Amino acid sequence: MEPVVEPVVALVDVVAVLGSFPALAGASLTVERGEIVLLRGPNGAGKTSLLRLCAGLLPVERGEATVLGCDLVADRTAVRNRVGLLGHSNGLYADMTVADNVRFWGATVGATVEEINASMQRMGLGDRLADVQVGRLSAGQRRRTALACLVARRAELWLLDEPHAGLDAAGRDELDSTLRAAVAVGATVMVASHELERVGALATRVVEVVGGQVRSVNR
Amino acid sequence: MEPVVEPVVALVDVVAVLGSFPALAGASLTVERGEIVLLRGPNGAGKTSLLRLCAGLLPVERGEATVLGCDLVADRTAVRNRVGLLGHSNGLYADMTVADNVRFWGATVGATVEEINASMQRMGLGDRLADVQVGRLSAGQRRRTALACLVARRAELWLLDEPHAGLDAAGRDELDSTLRAAVAVGATVMVASHELERVGALATRVVEVVGGQVRSVNR
Amino acid sequence: MSTWRIVRLVAAKDLRVEWRSRVVVNQVLPFAALVMVLFAFALDNDKVLTRVAPGLVWLATMFSLLLIVQRSFAVEAADGALDALQVAGVRPGGIFLGKAIALAAQLAVLELVLLGAAVVLYKTEIVAGGVVLLVATYLTATTGLAFVGTLYGGLTAGAKGRETLLPLLMFPVVAPVLIGATRATEAALGTEQATPSDGWPWIGLLALFAVVFGAGGTLAFGSLIDE
Amino acid sequence: MSTWRIVRLVAAKDLRVEWRSRVVVNQVLPFAALVMVLFAFALDNDKVLTRVAPGLVWLATMFSLLLIVQRSFAVEAADGALDALQVAGVRPGGIFLGKAIALAAQLAVLELVLLGAAVVLYKTEIVAGGVVLLVATYLTATTGLAFVGTLYGGLTAGAKGRETLLPLLMFPVVAPVLIGATRATEAALGTEQATPSDGWPWIGLLALFAVVFGAGGTLAFGSLIDE
Amino acid sequence: MTGFMTSPHHLPGNPPGAPAATDRAPTSTPFSRALGIAALVGIGWLVVFGLFLSPNDRVQGSAVRIMYVHVPSAWLAYLAFGVTGISSIAYLWKRTRSLAWDRLAGASAEVGVLFMGITLVSGSLWGRITWSTYWTWDARLTTTAFLFVTYIGYLAVRDLGGTHQQRAKRSAVLAVLAMMEVPLVHFSVSWWRPLHQNETVENGKLNGLMLFTLFVGLIAFTLLYVWLVLHRQRVLTLVDQVDDQGLDAAIAERRNEAVPASGGAT
Ligand code: HEM
Ligand SMILES: Nc1ncnc2c1ncn2[C@@H]1O[C@H](COP(=O)(O)OP(=O)(O)OP(=O)(O)O)[C@@H](O)[C@H]1O
Ligand SMILES: Nc1ncnc2c1ncn2[C@@H]1O[C@H](COP(=O)(O)OP(=O)(O)OP(=O)(O)O)[C@@H](O)[C@H]1O
Ligand SMILES: [Mg+2]
Ligand SMILES: [Mg+2]
């Protein structure tokens, strides 16, 4: 892509702290539109923190961070409704049914009923499961529900934290094709994962997060 | 093994319910000593329920179930301190530090201080992390802590529910070698997982759980 | 999306959670009722009881408020939903008002039950003249409590360990409401020869309180909830 | 492993959790203290206050008990630790006693604070003659409350939605303790010309209560916690 | 335990695939029918004696007639809770363990709550007349109320879910503990400053005909109690069986998930 197009994510020497611990210690990363970037790296390296920072949840302590053209240092909130984050936790209401949850999260971004049902079907949450309380679901079914909510959001930047964890074979394939489809319509994806083979195959680029910094990996 | 050796796990047409839902609907499975059995299958098929049943947590509604020679129908509790279960949740106290947790769980089975420190080292939880509260850890570090607690227990039957989820590359290798070592000293392992390649390579046998039943898979 | 749609959405969501889990109905209501019974028994002396009935009703309301608020934000924190709400770009003001409305609705039901309990247990008579005042008291006080509860609930929901602060922060602030509502109710019920006219000034205080915290919360909620 | 080692282990664990999180100290204590203050507000009338002080102290204790019990089992349920304990073959009787001891310890501290508050706020005098009785009351009542709390806490900890039952189950059962402890305390403090001798029969009731629930819990906890 | 307690079809505890209880199995036997009639007659007698034959009380006038409902219902509630406790013990004791005991306990508790409710209502009505108040914080009244709540809690615990055995164990433990509240209620009058009547009957402070009427009431209510418990206990047996049949259906459906057609998450 030609340089005039500004990058979707541009981090320069970013420092971010959890409590008093610098989870990110001078991380620099640039992601262009349409990329699928795999963040790999040891446990505790800072992948989750990096994604949360890009979603505007984690404040920037030092350095510069621009996401989708919004300066996170100046205002973390501006970027929010344009990104979609799937963290380690699913962000679901355990007492509500699957349908309740997907409808609610869909509605927050004004998704239509069709879109909502479509994304539920897509994640195989039709008929029986729709009216089961999320708290009673199996781990993978819960993950599927979270993904359905995410899909309904049509975000410009997808931030996924180990999205495959808990999904069965079918679900994984479904997820991959979903991501490809999203990128095809102009979205950008960052995936933190330890399943290097699978996500590696999917990704257009792989970077390594170590000790709160980002290293590019050439394969 | 010659038939006189009784199997470690022997389930015959087992039915087990969650609420009013038959998570296990006539599951039959026999596991011999020293096996590493991979349980695969779609989300919601009943893998977790099967493992919890073998651990004596889920009561047997119908059918016969014998684990390590204990009849679960007669008394679910007898088998307990002889199996080790790692579920989707880690069973850790978020407010206590890593060291606190491993010491506590080690102590419940009378593990010595050396054994406890050893298993912490083994899972790479030495020095810095030992005194961090578990609630502040990263997902993978939490999983490592849970594994350290499990290792300290020296169980005869290991029941692992997606143990690799969240672990980084090093952690996965560490886990695999741990399991091999355990089997080498006479333990038996059942692993529910969706990472078919990795666990498939590790396993001596693969079975498929579908609709609350168990099917053997020939590869 | 318009703030009002969000408010409705969030309020509806909270009420649906309650509808599916019935925690307030099954847990908080009996709790509140038992509080009243235990008060009555601890004090067991009818004269004292009728005299302090208004105070006790509001005291019980406040304990229940604490439980409901904790529950209302435990639901958000449990699985990272509060983060998700923020990432979804739901305006904090909308979250605040939505949750406050749902809270007020639940609180209102609860207060009716408590008032009923007071009538039965403490032989409180409701005099016709005081009804208007009584209703006014309940409306203003409930709104105020709902706003305060949501405000501090949000503040303490965020990072772990914070929720430990809730009672500490909330009670001193709601104390004025407790006093105001009690006096107003006494006036409405004519406890100790108080007359309705004595009550109205307190309504003013309660209304002011509600307005202040409502405005404050709507504006400041954003900076409170994101740690 | 011997039951006693387990009891010690579990108790130590619970106290360590509290030590690391300070929830009881930072949350429940202020809450209880504020309850006392609010009581004082709600029935601002010294004569009434001193008369009902003992009852109020125990009432506040019971609300705090509810919070501590909920917390004590929320910690177990949060990440499936209760299951893990069972799989680890920790004898339920051991879990019960261990948690009860930790609970009693925290409760004891809390009660001292409340008594202090009563002395300050309600001008309660502690007469030398009653001290022995007072101590006896606190010991027996605290033990009883800790046992009941742990018993029902365990029962309601299991599957979700259950915790909604805790207050409903617990309050009617602890009510006798409330009554007994209140009367005994009144006797110890000489409220309304009661004399220590009036108090001792109540100690008997409290002790009986503690024994019954202690034994019941130790034997039956297993069948209560496994859902 | 079995014998006349079990339902006419002599259905076992809760067998896998029990004989279809769906063909509207009646919960009555000749015995229980006779019992029901006897209860009716007894209540008829109670009405006759209680409202017409028995004299007014010197102090209370005809208000005293409430006693003939109030007192027997209270005592029957005690009995019911006692039965619940005993059969819970019978369940907990390994050698006599049977779900039939658990169902008996449940049935008896339900009826007990009913009777305790009658006591509370009749009592407060009586109170309105004699103490000119529906409720006061008298020791017996309060302890009675607590007993009432305790058994409502017990019934709530009974349908917490889980397997039948779990339900049985859990609730049995509660029942045994709860049973110990009964003496508390009974002796409360002698322990606290009583406003409420104390052992009027035991101390025979009652005129002959009144006493007789009271006993008529006691007999009638006892018959009623046995009749109700018999039926509830049989209904509960059938409910458990219906559960099992529902489970059969659910299992069949669950097994269908294995058929490739419906793969995916469900
Ligand atoms: C809500 C109000 C009341 C409640 C909850 C209540 C409850 C009870 C209970 C539980 C008993 C059984 C006592 C025992 O044998 O252990 C009882 C017995 C009795 N009650 Fe009441 N009662 C109430 C009001 C009254 C009133 C207003 C009167 C009459 C003034 C009354 C007169 C009696 C008498 C005479 C007995 C039999 C006493 C004996 O022989 O033990 N009760 N009541
Ligand atoms: N209060 C604290 N004290 C010490 N360390 C802390 C604290 N809070 C967070 N940390 C550390 O911050 C890091 C958080 O990193 P993060 O969760 O982003 O890791 P990650 O790359 O997502 O790891 P994983 O692959 O396990 O998910 C962890 O190393 C954790 O130990
Ligand atoms: N109350 C309920 N109502 C309906 N279905 C229920 C209820 N409780 C549990 N279930 C179902 O029981 C099943 C539990 O299966 P289990 O957790 O063992 O699946 P699993 O094989 O571990 O799946 P995963 O691979 O996602 O972990 C799920 O299909 C879940 O939907
Ligand atoms: Mg992470
Ligand atoms: Mg599972």
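What counts and how
Residues numbered from 1 in each chain as written. Chains lettered and ligands numbered in written order. Predicted model: local features only at pLDDT ≥ 70, side-chain atom pairs only at ≥ 80, totals over all residues. Heavy atoms only, no water. Pairing = 2+ DSSP bridges. Helix = DSSP H or I, 4+ residues; strand = E, 2+ residues; numbered from the N terminus. Contact = heavy atoms within 4.5 Å. Axes fitted to C-alpha atoms, helices over the stretch in contact; angles between N-to-C directions. Core = buried A, V, L, I, M, F, W, Y, C linked by side-chain atoms within 4.5 Å. Buried < 20%, exposed > 50% of the residue type's maximum accessible area, 1.4 Å probe, protein only. Near = heavy atom within 4 Å. Polar contact = N/O pair within 3.5 Å; in protein donor to acceptor, adjacent residues only side chain to side chain. Areas by Shrake-Rupley, 256 points an atom, 1.4 Å probe, with all protein chains shown as cover. Nonpolar A, V, L, I, M, F, W, Y, C, P; charged D, E, K, R; others polar. Phe/Tyr/Trp six-rings, centres within 6.5 Å; stacked < 30°, edge-to-face > 60°. Parallel < 35°, antiparallel > 145°, perpendicular 65-115°, else oblique. Left-handed = near helix turned anticlockwise from the far one by under 90°. Expected span 1.5 Å × (residues − 1). Donors = N, O, S within 2.8 Å, 3.2 Å for Na, K, Ca; no water. Lys, Arg positive; Asp, Glu negative; His and termini not counted. Salt bridge = Lys/Arg side-chain N within 4 Å of Asp/Glu carboxyl O. pLDDT = per-residue confidence, 0-100.

Trainee: How would you sum up the sheet that holds strand 5 (residues 70-71) of chain A? Please name residues and give values.
Mentor: The strands making up a sheet associate through hydrogen bonds between their backbones, and the pairing can be parallel or antiparallel. Residue and element names in this part refer to chain A. Here four strands make up an open sheet; going across it, the order is 2-1-4-5 and the pairing antiparallel. Two strands in the sheet have a free side with no partner beyond their single neighbour: strand 2 (21-31) and strand 5. Relative to strand 5, strand 4 (residues 62-67) runs antiparallel, the two being bridged by two bridges. Within strand 5, the residue paired with Val 67 across the bridge is Cys 70. Where helix 1 (residues 47-54) meets the sheet, it contacts strand 1 (9-18), strand 2 and strand 4, and its direction lies at approximately 115° from that of strand 1.

Trainee: Account for the nonpolar core, naming residues and giving values.
Mentor: Core analysis: the largest hydrophobic core is formed by 307 residues, its most contacted members being Trp 158 of chain A, Trp 158 of chain B, Phe 63 and Tyr 122 of chain C together with Tyr 152 of chain D. Residue contacts for Tyr 152 of chain D: discarding those within four places in its chain leaves Leu 166, Leu 169, Met 170, Val 173 and Phe 213 of chain D together with Leu 174 of chain E.

Trainee: Tell me about the site of ligand 3, residues and numbers included.
Mentor: The full set close to ligand 3 counts 20 residues, and Ser 138 and Gly 140 of chain A together with Lys 47, Thr 48 and Ser 49 of chain B are the nearest of them. Residues within reach of ligand 3 are spread across chains A and B. With respect to ligand 3, the backbone of Ala 45 of chain B contributes an N or O atom lying 3.3 Å from an oxygen atom. Separating an oxygen atom of ligand 3 from a side-chain N or O atom of His 194 of chain B is a distance of 2.9 Å. Its free accessible area being 650 Å², ligand 3 has 92% of it covered by the protein chains. Of all the secondary structure elements, the ones that give two or more residues to the shell around ligand 3 are helix 4 (127-130) and helix 5 (139-151) of chain A together with helix 1 (47-54) of chain B. In terms of residue class, the shell around ligand 3 is built from six nonpolar, ten polar and four charged.

Trainee: Can you lay out the packing of aromatic side chains for me, pointing to particular residues and giving the numbers?
Mentor: Scanning the entire structure with this criterion turns up 21 aromatic pairs over all chains. Seen in terms of ring centroids, Tyr 93 of chain B and Phe 104 of chain B are 5.9 Å apart; in terms of plane orientation they differ by 80°. Their pairing is edge-to-face. Of this pair, Tyr 93 of chain B sits in the loop between strand 6 (83-86) and helix 2 (98-108) while Phe 104 of chain B sits in helix 2, and the two are eleven residues apart along the sequence. Tyr 93 of chain B gets classed as buried once you look at its relative accessible area, which sits at 1%. Between the aromatic rings of Phe 63 of chain C and Phe 63 of chain D, the centroid separation amounts to 5.1 Å while the plane-to-plane angle is 40°, which identifies the pairing as tilted.

Trainee: Can you tell me about the site of ligand 1, naming the residues and giving the values?
Mentor: Residue and element names in this part refer to chain E. Around ligand 1, the structure places 26 residues, and the nearest of them are His 70, Trp 75, Tyr 78, His 186 and His 196. In the environment of ligand 1, a nitrogen atom lies 2.7 Å from a nitrogen or oxygen atom belonging to the side chain of His 70. Between ligand 1 and Tyr 78 there is a distance of 2.7 Å, counted from an oxygen atom to a side-chain nitrogen or oxygen. For the shell around ligand 1, the secondary-structure elements that each account for two or more residues are helix 2 (67-92), helix 3 (99-130) and helix 4 (139-158). Tallied by class, the residues present in the shell around ligand 1 amount to ten nonpolar, 13 polar and three charged.

Trainee: Kindly report on unusual backbone geometry, identifying the contributing residues and their values.
Mentor: Residue and element names in this part refer to chain B. A positive phi angle, close to 50°, is found at Arg 154, a residue other than glycine. By secondary structure assignment, the location of Arg 154 is in the loop between helix 5 (139-151) and strand 7 (157-161). You can call Arg 154 partly exposed: its relative accessible area is 46%. Not every positive phi belongs to a glycine, and Glu 162 is a case in point at roughly 45°. With respect to the helices and strands, the residue Glu 162 is situated in the loop between strand 7 and helix 6 (169-184).

Trainee: Pulling in residues and values, what's your account of the packing of helix 2 (residues 98-108) of chain A against helix 1 (residues 3-21) of chain C?
Mentor: As a packed pair, helix 2 of chain A and helix 1 of chain C sit with axes 11 Å apart at the nearest point and diverge in direction by 170°. As summarised for this structure, helix 2 of chain A and helix 1 of chain C are arranged roughly antiparallel, according to the angle between their axes. Relative to helix 1 of chain C, helix 2 of chain A is oriented so that their crossing is left-handed. Contacts between helix 2 of chain A and helix 1 of chain C involve Asp 100, Phe 104, Ala 107 and Thr 108 of chain A on the former and, on the latter, Arg 5, Leu 9, Val 10, Lys 13, Arg 16 and Arg 20 of chain C. Along the lines of polarity and charge, the residues of the contact of helix 2 of chain A with helix 1 of chain C split into four nonpolar, one polar and five charged.

Trainee: With reference to specific residues and values, describe helix 5 of chain B.
Mentor: Residue and element names in this part refer to chain B. Between its first and last C-alpha atoms helix 5 spans 19 Å; for 13 residues at 1.5 Å apiece the expected length is 18 Å, and the two agree. In terms of burial, helix 5 is a largely internal element, eleven of the 13 residues being buried. Along helix 5, the residues that are buried comprise Gly 140, Gln 141, Arg 143, Arg 144, Thr 145, Ala 146, Leu 147, Ala 148, Cys 149, Leu 150 and Val 151.

Trainee: Can you explain the environment of Gln 166 of chain E? Please cite residues and give values.
Mentor: Residues and elements named next belong to chain E. With respect to the element layout, Gln 166 can be found in helix 5 (residues 164-179). For Gln 166, a relative accessible area of 8% corresponds to the buried category. Considering only alpha carbons, one finds Gln 166 and Thr 143, 23 residues apart in sequence, at a separation of 29 Å. Here the side chain of Gln 166 touches Thr 163 through a polar contact of 2.8 Å, landing on its backbone nitrogen.

Trainee: Give a description of the packing of helix 2 of chain A against helix 5 of chain A that names residues and reports values.
Mentor: Residue and element names in this part refer to chain A. Packing of helix 2 against helix 5 leaves a shortest axis separation of 8 Å and a crossing angle of 25°. The orientation of helix 2 with respect to helix 5, classified from their angle, is roughly parallel. When the axes of helix 2 and helix 5 are compared, the crossing they make is right-handed. Along its contact with helix 2, which presents Val 98, Asn 101, Val 102 and Trp 105, the element helix 5 presents Thr 145, Ala 148 and Cys 149. Along the lines of polarity and charge, the residues of the contact of helix 2 with helix 5 split into five nonpolar, two polar and no charged.

Trainee: For the coordination of the magnesium ion (ligand 4), give the residues involved together with the corresponding values.
Mentor: All names here are of chain A. For the magnesium ion (ligand 4), the full set of protein donor atoms is Thr 48 (OG1) and His 88 (NE2), at a range of 1.9 to 2.2 Å. Taken as a pair, Thr 48 in helix 1 and His 88 in the loop between strand 6 (83-86) and helix 2 lie far apart in primary sequence, 40 residues in all. When its relative accessible area of 25% is taken as the criterion, Thr 48 is described as partly exposed.

Trainee: Go over the side chain of Arg 143 of chain B with me, naming the residues and quoting the values.
Mentor: All names here are of chain B. Within the secondary structure, Arg 143 sits in helix 5. Buried charge without a salt bridge: Arg 143, with Asp 161 as the nearest opposite-charge side chain at an N-O distance of 6.6 Å. Those residues within four positions of Arg 143 in sequence are excluded, and the remaining contacts are Leu 86, Gly 87, His 88, Ser 89, Asn 90, Asp 161, Glu 162, Pro 163, Ala 165 and Leu 167.

Trainee: Summarise the confidence of the model for chain E; cite the residues concerned and give the values.
Mentor: Residues and elements named next belong to chain E. In the predicted model, chain E carries a mean pLDDT of 81, and 82% of its residues have values of at least 70. Note on residues 1-22: pLDDT is under 50 here. Beyond four places in sequence and across chains, it has 40 contacts. Contacts of residues 262-266 to residues separated by more than four positions or lying in other chains number 17 contacts, the stretch itself having pLDDT below 50. Model confidence for the complex is summarised by a pTM of 0.88, with the ipTM given as 0.86.

Trainee: Lay out the environment of Ser 62 of chain E in plain terms, naming residues and giving numbers.
Mentor: Note on placement: Ser 62 of chain E falls in the loop between helix 1 (30-53) and helix 2. You can call Ser 62 of chain E partly exposed: its relative accessible area is 43%.

Trainee: Outline the pairing of strand 8 (residues 188-192) of chain B, supporting the account with residue identities and numerical values.
Mentor: All names here are of chain B. Judged by how many residues are buried, strand 8 sits mostly within the fold: five of five residues are covered. Every second residue of strand 8 is oriented toward a common face, with Thr 188, Met 190 and Ala 192 on one face and Val 189 and Val 191 on the other, all of them buried. Sheet topology note: the strand 3 (residues 36-40)/strand 8 ladder contains four bridges and is parallel. Paired with Leu 38 across the strands is Val 191, a residue of strand 8.

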